[in-house]
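# Observations on the three-dimensional arrangement
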Number of protein chains: 2
Amino acid sequence: MSSLPVEQLDRRMTAVERREAILDAASAVFGERGYFGATTDQVARAAGISQPYVVRMFGSKEALFLAVIERAKASLLQSFRAALADWRAQGAADGDPCEALGPAYLEMLRERGVHTSLMQAFMQGSDPAIGRAARDGFLEIWGFLRDEAGISPEAARGFLADGMLINVLAGLEMPRAATSSAAAAELLAATLGDKAALLPGA
Amino acid sequence: MSSLPVEQLDRRMTAVERREAILDAASAVFGERGYFGATTDQVARAAGISQPYVVRMFGSKEALFLAVIERAKASLLQSFRAALADWRAQGAADGDPCEALGPAYLEMLRERGVHTSLMQAFMQGSDPAIGRAARDGFLEIWGFLRDEAGISPEAARGFLADGMLINVLAGLEMPRAATSSAAAAELLAATLGDKAALLPGA
DNA sequence: GTCTATAATACGATAGAC
DNA sequence: GTCTATCGTATTATAGAC
């Protein structure tokens, strides 16, 4: 056994574990403040480690952000594929797949920063590296809806539009306004029903 | 007459004119890079003046950003009110007002940074001042759709969702991908038809 | 695997001249 | 009305110890 104090022993992780912990923290911080607004020090504090170690693990802030949105996109697609498979296994093959994908999208709101960090990336289209990754990621979702789920262009457009409104309400932290504003309450009810409680700010 | 060289005379404006010129430049820069990503120096260069003068005119970067999104929201509402009045003047009072507001929304894409700077604000809900202004602005649009245009909650939700998808495609600069990606071309066609040419990146 | 110390730079804001 | 010069600070990234 090592002679280090127990506290320090507990805090050491493998590189893989630490990497995941940093991605969790970075997802929340980038989702709230955006690529430029978030600092590697905020990510480090959220992850309970030092700022230089965050940079060391991913090489640069940009590489960390790209890893965050790559993981968010992968989570989303994995969740969609699982929901689609379940739905098909229940013999609903002639119905509307969006009825299975919509609830899956809302459930992902429990995982912090998935929707908002993707959305922050979507707003950086003019950045060479981030913009390309963001467009590719968005188009991968489009391709899933069209090719794997077999949804028509018009229905896929409607599904994505609903998703983008949900993302905006998450970015706005709209539940913060719902206690004092009847309009906010009505908007949240019309968009999310009782699932509005899953939004940031609730 | 002043004895200053003509070049300098031409470049001098009243405070009001200069204020508008700075807001135009700031709208484009904030729209592309977001509140934190944009620098007051980038705004200054785009406006053809010095960085300290930008700060002097608005007091702070935050005050400038708040002025940008306030003006963008006002432009949008003004455009909506005009379109609604025109539509009603043509005796279409029993149809769907969204058929008049949709085209008005797309026409605003010609004014640089309106959609994207608002969208960048919507993603800063956790910021005390910007978040409050963003939520209030969004709810003012909602109130217009519901109270002035008389649109149902469900239809207003659908209209906003379509708008948010358009904003995301603008933030992504999706036309950049349309030449090499059939999926991008299909997505743009399904969402905007031939109006996709108005998006940034086209 | 993780830290402290620090270098290098970029940025917002102020002071003051013209 | 507008500029130049500059201060103070925040931030990314590196070096090197343990």
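In this text, all values refer to a predicted model and were calculated from it rather than measured experimentally. (Residues numbered from 1 in each chain as written. Chains lettered and ligands numbered in written order. Predicted model: local features only at pLDDT ≥ 70, side-chain atom pairs only at ≥ 80, totals over all residues. Heavy atoms only, no water.)

Quick look at the protein's contact with DNA strand C now. Close contacts around DNA strand C come from 19 residues, with Ala15(A), Arg18(A), Tyr53(A), Gln51(B) and Lys61(B) the closest. For DNA strand C, the backbone makes up 58% of the atoms found within 4 Å of the protein, where backbone means sugar plus phosphate. Within the side chain of Arg12(A), a nitrogen or oxygen atom sits 3.0 Å from a base nitrogen of DNA strand C. The separation between a phosphate oxygen of DNA strand C and a polar side-chain atom of Ser50(A) is 2.9 Å. Of all the elements in the fold, those that place two or more residues in the surface near DNA strand C are α2 (15-37) and α4 (51-58) of chain A together with α4 (51-58) of chain B. When grouped by side-chain class, the residues that make up the surface near DNA strand C number 7 nonpolar, 6 polar and 6 charged. (Near = heavy atom within 4 Å. Polar contact = N/O pair within 3.5 Å; in protein donor to acceptor, adjacent residues only side chain to side chain. Helix = DSSP H or I, 4+ residues; strand = E, 2+ residues; numbered from the N terminus. Nonpolar A, V, L, I, M, F, W, Y, C, P; charged D, E, K, R; others polar.)

What follows deals with helix α11 (residues 182-192) of chain A. Buried within α11(A) we find Ala184(A), Leu187(A), Leu188(A), Thr191(A) and Leu192(A). One side of α11(A) carries all its buried residues, which in axial view fall inside an arc of 95°. In this fold, the buried residues of α11(A) make contact with α6 (98-107), α9 (153-172) and α10 (175-178) of chain A together with α8 (128-148) and α9 (153-172) of chain B. Where α11(A) begins, one side-chain oxygen reaches toward the backbone nitrogen of Ala183(A), 3.3 Å away; that side chain belongs to Ser181(A). In the segment just after α11(A), Gly193(A) is the residue with positive phi, at about 60°. (Buried < 20%, exposed > 50% of the residue type's maximum accessible area, 1.4 Å probe, protein only. Arc of directions from axis to C-beta. Contact = heavy atoms within 4.5 Å.)

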